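Observations on the model geometry
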Amino acid sequence: MTKIERTIRSILGDTNRNLCSFVESIGQTEYLLFEKKIPMDDIQVTDEVYAVVAAQLKKEPGAVAKGVERLVKECWEEGDQERLEEVIGKKLKYAPYPKRALCYFAFYTYLDIPFFEYIEKDPRVLF
């Protein structure tokens, strides 16, 4: 089990949901942010994340996008809220858009630091 999957399962608990699209999308977001050094706001999630993950998993990009959207919603509506707050760095009133959620998880799983903690230190990553 990868660190990304462990993080998601720490929020959702034991779930029978297929996490593959979500996990791979977070991994692709990590790659874009930290290896290709693309600013968060410049990531084209449809083309640079969902299409790439869809090709890897032999799925349609729309299916990957829908899977990510469902799991983001599930994390915020049914997941462990305390753990979620630890992972992203603050409590959010509403579930974020999927692109933002992918970035929040990517920061935590790649850097071992919650997104909002990191942004306080270095907001340049946003632009």
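Residues numbered from 1 in each chain as written. Predicted model: local features only at pLDDT ≥ 70, side-chain atom pairs only at ≥ 80, totals over all residues. Heavy atoms only, no water.

1. Here we look at helix H4 (residues 61-78)
Because each turn of an α-helix spans 3.6 residues, side chains separated by three or four positions in sequence point in the same direction. The first and last C-alpha atoms of H4 sit 25 Å apart over 18 residues, in line with the 26 Å expected at 1.5 Å per residue. Residues of H4 that are buried include every one of Val64, Gly67, Val68, Leu71, Val72, Glu74, Cys75 and Trp76, and no others. Tucked inside the fold, the buried residues of H4 contact helix H1 (3-12), helix H2 (20-35), helix H3 (45-57), helix H5 (81-88) and helix H6 (98-111). (Helix = DSSP H or I, 4+ residues; strand = E, 2+ residues; numbered from the N terminus. Expected span 1.5 Å × (residues − 1). Buried < 20%, exposed > 50% of the residue type's maximum accessible area, 1.4 Å probe, protein only. Contact = heavy atoms within 4.5 Å.)

2. Looking at unusual backbone geometry
Despite not being glycine, Lys58 shows a phi value in the positive range, around 55°. Looking at the secondary structure, you find Lys58 in the loop between H3 and H4. A residue is classified by how much of its surface remains accessible, and Lys58, at 75% relative accessible area, is exposed. Here the phi dihedral of Asp112 falls at roughly 60°; this positive angle occurs in a residue that is not glycine. Tracing the sequence through the fold places Asp112 in the loop between H6 and helix H7 (115-121).

3. Considerations on the environment of Glu69
Tracing the backbone shows Glu69 in helix H4. Sequence separation between Glu69 and Arg6 is 63 residues; the distance between their C-alpha atoms is 19 Å.

4. Overview of the side chain of Thr29
For Thr29, the location among the structural elements is in helix H2. With relative accessibility at 2%, the residue Thr29 sits in the buried group. The residues contacting Thr29, other than those within four sequence positions of it, are Ile43, Val49, Leu102, Cys103 and Ala106.

5. A short note on empty space enclosed by the protein
All told, the structure shown has one cavity of 30 Å³ or more when counted by the stated rule. By volume, the largest cavity amounts to about 50 Å³. What lines the largest cavity is Trp76, Gln81, Leu84, Glu85, Ile88, Lys90, Lys91 and Leu92. Element by element, the count of residues in the lining of the largest cavity is highest for H5, at four residues. (1 Å grid on protein atoms, 1.4 Å probe; cavity = no way out; pocket = protein on both sides within 12 Å on 5 of 7 lines; lining within 4 Å. Points joined across faces, edges and corners; volume = space filled by probe spheres on them.)

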